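Geometric and topological summary
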Amino acid sequence: MTEGFKRRTALQFITLAITVNFSVVLASQQPHVVFILADDFGWYDVGYHGSEIKTPNLDRLSAGGVRLENYYVQPLCTPSRNQLLTGRYQIHTGMQHQIIWPCQPYCVPLDEKLLPQLMKEAGYRTHMVGKWHLGMFKKDCLPTQRGFDTYFGYLTGSEDYFTHVRCHPIPALNLTRCALDLRDGEEVATGYKGVYSTELLSQKAIDIITNHSSDKPLFLYVALQSVHSPLQVPEHYVAPYSFIKDRNRRLYAGMVSAMDEAVGNITLALQQGGLWNNTVLVFSTDNGGQTMFGGSNWPLRGRKWSLWEGGVRGVGFVSSPLLKQPRTVSHELIHISDWLPTLVGLAGGSTNGTKPLDGFNMWNTISKRFASPRLELLHNIDPLYDDIAPCPGRQQQLTLAQEAGTDPWAKSRFNVSIHAAIRSSNWKLLTGYPGCDVWFPRPDHNSSELGPSEVDPLRPVMLFDIEKDPEERNEVATQFPAVVDYLLSRLHFYQSGALPINFPDDDPKCDPGPSGAWGPWA
């Protein structure tokens, strides 16, 4: 062996060691990111908003972090998840109408680059546990094909918490199919019957944390089933709420407690695994609470499926030792589409491979209390909107189409009969029928408030000063016509750039058969 060979070998070894050490140092600098998404969790249903439901873990984590009190989501499951993972408004993906039903042959467009793909490019191990609900008619749509290294969960929008079975009508076959909806990776997961979903999913998340290797940073997305209907929960979670008279509310309270415990257990696993000091944990709901199944958005107007504040203002917070100004409350405008650029930026990654983003990097806003870069927020534009749930006090759906013809803004370039809403600074403009407009009463209190507004009937164009009037009780369109004109012009701008709605008819080939499981069929 020559001296030259020895020197070259030594140099190669040193270079390799430096490269390995640099990779380890880089991984240690990149924070672990854990994103926990609750389902149908109402504004009033967290302890720190004064609820009768106890949420000690959410209260503690948010108190030590940053509570986001001017934070917005979409009014439904699929749209919020879509905007979370794409960083783009749903009008830009053709998914501005409703949700993806089990037999619809579509998914988030495959040319959209999703958050887990960007995190993986930044060097992260990417894992997902829980509800997907972004389409599964073909294999290319599945989580493990869209950037997640591993996946455990269910693909549709809801199911039984214990059997993990989803029942869905298939009219073309004249039947309702009940089939398992649970996957481990891309394979059907059996053997979990009787295991309560919230406990099952949180344990899977804990297993990922416990087994995580420190050579790479962790991105873990936990989309809990809680607290979506059906109202199912082990009795020991319900027992502390015997004082709640309404059965739905009582069961719902137990489900919230189970979810709160799950979040606490996941956080404990991060601490015990030595990851917590370099972790950013985000908690968010996907939409407002569903009052038909025990949820409450009091004192906000409306509920899930509506563009009123009760449908779109979300419970959310960030908890992390990495926050520069923890133990604070933020009233800066933040939207669920902002998480993609925020988290990718935090990871040291790049968003250059995405289509034009509607989200903003909010880390300095959250961590350092900087002003939000977001001045405007499109809630949605949906020309096909229909509210499929009955609204108390209304015998039939209200479209406002007839009234739109006589409205002062009927000749606007934007069709004011269309279901739409936009926020700009303190102003919020709604057009068409925004959805159920009830101020549902505070749980276990006088129900005299129940019913549509007796003061101001709905109009095709409505303007509210949300900072002064978050309950949307004082409609001021005629007092600020210039504001209305401007916001209608913005809606026209957005509608001009919207993709056509993609909402295909059900495909009966979705039928998994009497012994199959919901999953790809195309």
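See the structure shown above.
What this report covers is the structure whose coordinates are included nearby. (Residues numbered from 1 in each chain as written. Predicted model: local features only at pLDDT ≥ 70, side-chain atom pairs only at ≥ 80, totals over all residues. Heavy atoms only, no water.)

Here's the deal with the packing of helix α2 (residues 56–63) against helix α7 (residues 247–272)
At their nearest, the axes of α2 and α7 sit 7 Å apart, and the two run at 50° to each other. For the element pair α2 / α7, the angle class is oblique. Of the residues in α7, those in contact with Pro56, Asn57, Leu58 and Leu61 of α2 are Met259, Asp260, Glu261, Val263, Gly264 and Thr267. Residues of the contact of α2 with α7, tallied by class, amount to five nonpolar, three polar and two charged. (Axes fitted to C-alpha atoms, helices over the stretch in contact; angles between N-to-C directions. Helix = DSSP H or I, 4+ residues; strand = E, 2+ residues; numbered from the N terminus. Parallel < 35°, antiparallel > 145°, perpendicular 65-115°, else oblique. Contact = heavy atoms within 4.5 Å. Nonpolar A, V, L, I, M, F, W, Y, C, P; charged D, E, K, R; others polar.)

Overview of the packing of aromatic side chains
What describes a pair of aromatic rings is the distance from one ring centre to the other and the angle between the planes of the rings. By the definition in use, this model includes 18 aromatic pairs. Ring geometry for Tyr44 against Trp298: centres 5.5 Å apart, planes inclined by 80°, an arrangement best described as edge-to-face. Remark: Trp298 occurs in the loop between β11 (279–285) and α8 (309–312) and Tyr44 occurs in the loop between β1 (32–38) and α2; sequence separation between them is 254 residues. Their ring planes at 15° and their centres at 6.3 Å tell us that Phe148 and Phe219 sit as a pair that is stacked. (Phe/Tyr/Trp six-rings, centres within 6.5 Å; stacked < 30°, edge-to-face > 60°.)

Concerning empty space enclosed by the protein
Taken as a whole and assessed by the stated rule, the structure comprises three cavities of 30 Å³ or more. Roughly 100 Å³ of internal volume is contained in the largest cavity. In terms of lining, the largest cavity is formed by 13 residues, of which the most central are Pro75, Leu76, Asn380, Asp382 and Tyr385. Of the residues assigned to the lining of the largest cavity, the class counts are five nonpolar, seven polar and one charged. Looking at the second largest cavity, its volume works out to about 50 Å³. Grouping the constituent residues of the lining of the second largest cavity by class yields eight nonpolar, four polar and no charged. (1 Å grid on protein atoms, 1.4 Å probe; cavity = no way out; pocket = protein on both sides within 12 Å on 5 of 7 lines; lining within 4 Å. Points joined across faces, edges and corners; volume = space filled by probe spheres on them.)

Structural notes on unusual backbone geometry
Here the amide bond leading from Ser226 into Val227 is cis, since omega sits at 10°, within 30 degrees of zero. Note on placement: Val227 falls in the loop between β10 (218–223) and α6 (235–238). The amide bond that connects Trp298 to the next residue, Pro299, takes the cis arrangement and shows omega of 0°. Residue placement: Pro299 occurs in the loop between β11 and α8. Positive phi outside glycine occurs at His133, with the angle close to 60°. With respect to the helices and strands, His133 occurs in the loop between β4 (125–131) and β5 (150–154). Even without glycine at this site, His164 takes up a positive phi of about 65°. With respect to the secondary-structure elements, His164 resides in the loop between β5 and β6 (165–170).

A closer look at the sheet that holds strand β15 (residues 376–382)
On the basis of which strands lie adjacent, the open sheet formed by four strands has the order β15-β16-β17-β18 and antiparallel pairing. With partners counted over all chains shown, the strands left at the sheet margins are β15 and β18 (461–465), one partner each. Direction aside, neighbouring strands of the sheet carry axes that sit 10° apart on average. In terms of strand pairing, strand β17 (residues 427–431) meets β18 through five bridges, oriented antiparallel. The residue of β18 that forms the bridge with Leu430 is Met462. (Pairing = 2+ DSSP bridges.)

A word on the state of the cysteines
Under the definition given, this model contains four disulfides. With its sulfur 1.9 Å from that of its partner, Cys167 forms a disulfide with Cys178. On the sign convention where negative is left-handed, the bridge of Cys167 and Cys178, at about 115° about the S-S bond, is right-handed. Of this pair, Cys167 sits in strand β6 while Cys178 sits in strand β7 (residues 175–180), placing them 11 residues apart in sequence. Given the relative accessible area of 39%, Cys167 is considered partly exposed. Between Cys391 and Cys436 runs a disulfide, and the two sulfur atoms are separated by 2.1 Å. Torsion about the S-S bond of the Cys391 and Cys436 cystine: about 75°, corresponding to right-handed handedness. In this pair, Cys391 sits in the loop between β15 and α11 (401–404) while Cys436 sits in the loop between β17 and β18, placing the two residues 45 residues apart along the sequence. Side by side, Cys391 and Cys436 carry an identical accessibility label, which is buried. (Disulfide = S-S within 2.5 Å. Buried < 20%, exposed > 50% of the residue type's maximum accessible area, 1.4 Å probe, protein only.)

Function cannot be read off these values alone, since they describe shape.
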